[in-house]
Amino acid sequence: MKRILNIAVIGVLVISFSSCEKYLDDKLENPNLVKVPPINPLLATATYETSMNQYRLGYNVSYLAQYLASSSQGSDGDIYNEVDYSTTWRNFYSTMMNISEMNKLAEQNSAFHHLGVGKVLMAYNLNMLITAFGDVPFSEAFRGLDELTPVFDEQTTLHARSLELLEEGIASLSRTDALAEIDVPSDVVHGGKVAAWLKTAYALKARFLNQLSKTAAYNEENILTALESAYEKNEDDAALIAFDGLSPWNEVAVDNENLNLDGWLSTNIVNAMNGTTYGVFDPRLPLVASLTKFGDYRGTRNGAGRIGTGTDNEESYLPTNGYFSKGGAPLPLVTFAEMKFIEAEAAFRDGDKETAYNAYLAGIAANMNKIGVDEDDKNTYINNAAVSVGKDNITLALIFKEKYVAMMLNPESWVDMRRFDYLYKDFQLPLNAALSGFIRRLAYPSVEISRNGPNVPAITGLDQRLFWDQ
Amino acid sequence: MSFYSKMRGILLPRHFEFCFLHPRRPVVKMKTLMMSVTMLVLLLTVNGLLIAGPSHGQDLSKIKITLDLKNVSLKTALHKIESATKLAFSYKSGDVAAYRHINYSVTETAVDKVLDDLLINTGLRYELLNTNIIIKKRIDPELSSDQVAAIPDGGIKGRILDAEGGPLPGASIQVLGTQTGAIADGQGGFSISGLNAGDYKVQVTAIGFTTAIRDVTVKDGETADLTIQLTPDNTSLTEVTVTALGIKKEKRSLGYSAQEVTGEALSSSKQVNVVNALQGQAAGLQINAGGGAPGQGAKIILRGINSLDGARDFQPLFVIDGVPIDNTTDVTDGSSLNGMGNRASDINPDDIESINILKGGAATALYGLRASTGAIIITTKSGKSGKLRADYTSTYSVDNINKYPETQSRFTQGWYGEYDPNSFWPVTGPTIEDAKAIDPTHPDKIFNNFKHGYKTGNSFRNTLTLSGGTEKAILNAAFSQFNQDGIMPFTDYKNYSAKVGGDLKFSDKFRMGMSVNYIKSGGRRGNADRYNENLTYFSPRWDIWDYIKPDGTQNTIVGSGNENPIYILYGKKYVDDVDRIISNANFTYSPVTWLDISYRFGVDLYNDNRKQTTPGKLGLVDEIYPTSDFGFGGVRTYSINNRIMNSTLVLNFKNDIGEHLSSSFKIGHDLFESRRHTVYTQGDTLVEPTFYNLNNVKRTTAVTTQRDYRIIGLFGDWTLGWDNYLYLTITGRNDWTSTLSKANRSFFYPSASLSWVFSENIGLPAWWSYGKARFSVAKIGKDAPVYATSEGFKPQLPLTNGAIPFILANTKGDANLRPEFTTSYEGGLELKFLQNRLGLDFTYYNNTSKDLIVPVSVPVASGYESIYLNAGSIRNKGVEISVSGTPVQTKDFSWDLRVNYTANRNKVLSIYPDLTEMTMATHYGYLSSTVTQKNIPGQPVGALYGRTYKRYFDGDTEDPAVLDKSRPIVIGSNGFPVLNPASKQQYIANSQPKWIGSLSSTLRYKDLSLYFLLDAQQGLYRYNQFANFLASFLMQKGAENRNDMVVFDGVLEDGTKNTKEVWLGQGTGPDGVNYGNGYYRNYYRGDSETFIENASWIRLRTLSLGYRLPASLMKRSGFLQGANISVTGNNLWLSTKYSTFDPESSSFSSGSVVDGFSGFTYPATRSIIFSLNLNF
């Protein structure tokens, strides 16, 4: 008996002391994740996701800017009902977190050009977010466990912060001692060209400053100075050039072609271009919209929904061969044409009508060239008396009208519309709108209300104006 | 440590090493533990000579007693008689000490006879002297000195049979009054020799049977024949039950509640999934079927939710024949809405002998952290020796949808009351009459698609079990086949299973057994959520069953933009195919009587290969291709390779310390290893539209994941028994887990439980047959989910230019996670009355879980979607009551009743300090009526929050976080109720039931039996997304009033009563006012409180009529031993206020703890089941 006990005890001891620590250690770390990633794949995320955020926000607010209209009657997104933009909100914060992580890594590795791009992209995301939602979390954001319930910062402060970030980005991009090179395919906006990023930084600066037109902080000189360092030609434009499948607006068009109805153009944009509103046919229209079965271009009124079956080409859609929506179509982010219109507006407000007029015409031409309008058609349009009004007759309305067309599907347009108080000719409220006036902001998404409720500012309604829109 | 290093790596294959970690902590604790136990033992052993008390002269033949003695000493037996009769005995301890291990049982028998029985052949006699009974040594005249040397040559041989006449191996045969006895062999046979001629009483005992005593006369040189048939013991006094780690314990010794469900009870409901079969069978058990899909999973909540993590698997540990098995419901391939099965559903319910439900901490302590939410111990049917026996069961069922919402039937397709047969809007047009005036082809009636879209399903199961063998080797086998067609079009499920097992007895000291079970299961699953959603969009003016054109393309409502729901089901094919092997091998070695060494090795291995295919666009004229459901045609495969290995070694030291005290001390080692590898391949855009091959796609992407999990455990269990009425069990376990950091990975937790069978030592009235009190306290630790301590980046799909973005995993790990602990207190009573005809089992428990590890859904601005944190504590307390009774029991007729009642109260005590609330899950609702299940301190886990109507408080202060329904609704100046802003989320109701109850009853008359089970869950609420969608499209019955003018009940902002009359319809009303999109779309659908519905239910879960064919018929057949036929109805009756499908179905998969949502689920079924059972 004693022998058996001894054997048992020895057995247990022998078994005990095998490599147990290791047996467990091996399995602690997640083998499906990489701890320290290479920086260029992070840059790919930063550039790609930021561009996609522009698309995502653009898709949502295109119904408010009335580029698009729902094929369904009374769709919430059309008629100013509250829509839950949780997914968009998540995408923005996830993107910014990834940028913030890349920036940290870039600083550690003296990858100053990556850092510069990161700062510019951060400014870009932040700016898009505040122009849609107003106050948002930022100063206490991206801290993980250290700050789980970030406060919402004042939009005024954040607007200034977005400009600061641009300055920091410019400084970093200008450094010559960067220790890492931007990998060409990983930069899906500028293909690794640092000079191009610098121009984009200034272009965004001009855009951000221009947003302040209704405020005391508006300064035409600063805008014009920024523009000097921004784009000089269409080729400088920032655009998303690689995708994870179909190019985003192409996907919309393909869906629609497959009768998953989407990408229907609003009466407002179609009428602005087909001669109904302004008496002149815009040659860009055939390049961005589909022809109806009636042989013309017709929009769908926001809130009204379709007229017929929705499958008979009774209205115009984003076509699968359109400029924005063809297969592999680049997604324009910030363009030379936009710069020209910013210049036109700044010069106009500065009283320099000649500069304003020339910039206005240059903006139209640049956009037409970009979209691929025939030279003759372009000239016909520009030379039309309703367009070429002469420098003395240039008005903000004309500048805004042309910018509205040139900035099609870009969320920045909705900023312009609010700055211009929707004073476009014949611009109508959606049918059965839930508000008595035009929409001025988005509601905070449920993901933030349910998780960070106490910090979410109360809003009085979707007609509440943001600080730069007062 | 140097010694460890030296010994490292010398043993066993590298991938599965036996590991006992450095046992520093537990040893310290165990030492203290042992000291306290030793003290207790010393105290208990201090007992003196029994002093006889005074008594009056008695006629012993007139005092009747009932005794049930199991393995006790003569001294104890006398003591029992004393306490039962107030008689007093006097004797010398030395005289009686030699007589131990007495098994004896009598009912209402005279004491003189009992004493005769007990003292026969002991050499002792008794005499009544004054008031005492004196026990003395007998001076036996027969035992003269010359006869002593003679060798007695008489004997007894025979067989012990069970109730059905089969052999009963292992029964213990004792010749009373002698030291002679035997154990029945594999054929139930026994033989006893060496008896003197004379009259003997032979006592036969076997676990689960009543003790039998027979008179036998033995003659010199002859062997008497004796065949005894035992009757099953239903009194439970001697019930043995399977506890943690397969340890069999007498039920009376358990200091915690343990409920056993027999195979018979399980099979009475003829459920497909073993989890569903448990419904209503035990207290403390909340089971919710995921829905009625073939092979769909079901979830179990034991004693309330003790997790704050909506995604973590909180299902109890499933153990089959001692082997923990995988019970995952894997939906990581996006199949959460496809009604996937929980893996335990692979098990054939017809092959189950019994299920033990271990609920509390003390019950599961030995299993350690994996059983922190309880354990379901399944024992499958095992073999019996003897001739080959076969059991064949065949079941056929017909299934139909048991409940569907009533839809409006007055209005048809269109918008703003205008008819449009191409409209997206299914029923917001004019009345059918008006539409027919415009469109003569319009049918007279529109469909209720939630009925019309479901068909009759059926299932067919055949099970054959075989067993037989010799005393040395027993074999058993089970084969089954199951095929089911679901009620939702194009859904089915199959399960084939083959099991072979055997037990070998090499000697009395060494036994071993093993079993292998191969299972093939799976089928075509459909997304019920999407189907019902599509059914909501599709105008019921058209027939969905007209879903396909002759060329194979979709036939749908042209222009509506909506898909034909059935065509989507038809085209989108999702099939899972599981190959699984569950196997175990075990041995028990008993080198000495006081030690058993048992070892068990189990493996659960499966491959789950899933494939989803959707056809591409055929490219035909007028083709309406459902891109959003089909993509561009594709092939997706998801393969899971899962392996669980488990090794358990237990040393059991059992001995008696002194006369009264028995001890059983177990120490063991447990090793668990799980490895899960998955590959998810996605092929998009088919080139040839119906060739489902990964080489036929334009783009293929693949994601691989690997999850490894290991636990090492060391445990001890010490049970001390005092005279078979007082038991103390102390357990301790230390776990080392791979999911926590080195500093936190080792943790110890103890438990103690006490059982006092007070009916054994307190004089109870005769009608009170049995009484037991129990108390336990336990602590259970739990580790973190796999990889919850790590974080990092992961590659995304490549972009079109070849760049591969890396993104930060949006769930952040925390390296500092600590184990979570649950402390539970449990007390209970088990009482039996009137010869056990009435039984009551009462349990109260109070469990507090602390430091719960939760991937807290954090504000996304923190940079993460969620972060793993030790983030809170929860308390569950409740009562469980079981009452069982046999109101009638005659030869031909019997009536059994059982009632189970459970009430659990759950409360979130705290959450992560920085947060005011933690979101568990949300479910979308139109117009910001999205409902969120949140954890907020002070409220239950199932708290549902959403958007509400504004209430009038008349100057009182409103608690903004809680809806006060007693207050009047504020009506706006436009005459409609005012919706609170979406950001003002209010607590509306709780998804946890107030109580759960069941009533089951069996009535037997001769060979007929009738069984029913009424089952109820009351006081629970669910968010009904389905109702919200119906409301958005004005499809519910209530929306037939849309052309009415009404005055909403409520008050204006100033508190005065609302009197404004408004129209409910769309557009301009009869009063000339433009009402826009109308009341239902503008207000009604935006109020979450409307859609958080009372989901309480009572149902007739099972009604079954069975008939056992008479024995005479069996005999005539020559080969049949028995035959039963039965017809069973499931869900024949359901009473609930819930407006859509059966609220028992859940919108979240069975792997999720989230239970607040029941919307577009796979509807439950009402089944009629025919069954035939034959024994050969």
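See the structure shown above.
A. The arrangement of the pairing of strand S44 (residues 872-889) of chain B in detail. All names here are of chain B. Alignment of strand S41 (residues 838-850) against S44, held across 12 bridges, turns out to be antiparallel. Across the sheet, residue Gly839 finds its bridge partner in S44, namely Ser884. The turn joining S44 and strand S45 (residues 893-911), which pair antiparallel and follow one another in sequence, is formed by three residues.

B. Local environment of the packing of helix H13 (residues 353-371) of chain A against helix H15 (residues 396-406) of chain A. Residues and elements named next belong to chain A. Packing of H13 against H15 brings their axes to within 10 Å, and their N-to-C directions diverge by 15°. By the angle class used here, H13 and H15 are roughly parallel. As H13 packs across H15, the resulting crossing turns out to be left-handed. Where H13 approaches H15, its residues Tyr360, Ile364 and Asn367 are matched on the opposing element by Leu398, Ile399, Glu402 and Ala406. Residues of the contact of H13 with H15, tallied by class, amount to five nonpolar, one polar and one charged.

C. Summary view of the sheet that holds strand S12 (residues 223-229) of chain B. All names here are of chain B. The strand order S9-S6-S12 describes an open sheet built from three strands, whose pairing is mixed. Every other strand in the sheet has two partners, leaving strand S9 (189-195) and S12 as the edge strands with one partner each. Going across the sheet, the axis of each strand differs from the next one's by a mean of 20°, ignoring polarity. The pairing of strand S6 (residues 154-161) with S12 spans seven bridges and is parallel. The residue of S12 that forms the bridge with Ile160 is Ile228.

D. Structural detail: the side chain of Gln281 of chain B. Residue and element names in this part refer to chain B. Along the polypeptide, Gln281 turns up in the loop between helix H8 (274-277) and strand S16 (285-289). Exposure remark for Gln281: the relative accessible area of 9% places this residue in the buried category. Dropping the residues within four chain positions of it, Gln281 is found in contact with Gln259, Val261, Ala265, Ser268, Asn900, Tyr1011 and Leu1013.

E. Main features of the sheet that holds strand S10 (residues 198-205) of chain B. All names here are of chain B. The four strands are arranged S8-S7-S10-S11 in an open sheet whose pairing can be described as antiparallel. The two strands at the open ends of the sheet, each matched to only one other strand, are strand S8 (181-183) and strand S11 (212-218). Each strand of the sheet is rotated relative to its neighbour by a mean of 20°, with strand direction disregarded. Relative to S11, S10 is paired through seven bridges, and the arrangement is antiparallel. Bridge assignment links Gln203 to a residue of S11, and that residue is Ile213.

Here is what the cut-offs are and how they apply
- Residues numbered from 1 in each chain as written.
- Chains lettered and ligands numbered in written order.
- Predicted model: local features only at pLDDT ≥ 70, side-chain atom pairs only at ≥ 80, totals over all residues.
- Heavy atoms only, no water.
- Pairing = 2+ DSSP bridges.
- Helix = DSSP H or I, 4+ residues; strand = E, 2+ residues; numbered from the N terminus.
- Axes fitted to C-alpha atoms, helices over the stretch in contact; angles between N-to-C directions.
- Parallel < 35°, antiparallel > 145°, perpendicular 65-115°, else oblique.
- Left-handed = near helix turned anticlockwise from the far one by under 90°.
- Contact = heavy atoms within 4.5 Å.
- Nonpolar A, V, L, I, M, F, W, Y, C, P; charged D, E, K, R; others polar.
- Buried < 20%, exposed > 50% of the residue type's maximum accessible area, 1.4 Å probe, protein only.

In short, shape yes, function no, at least from these values alone.
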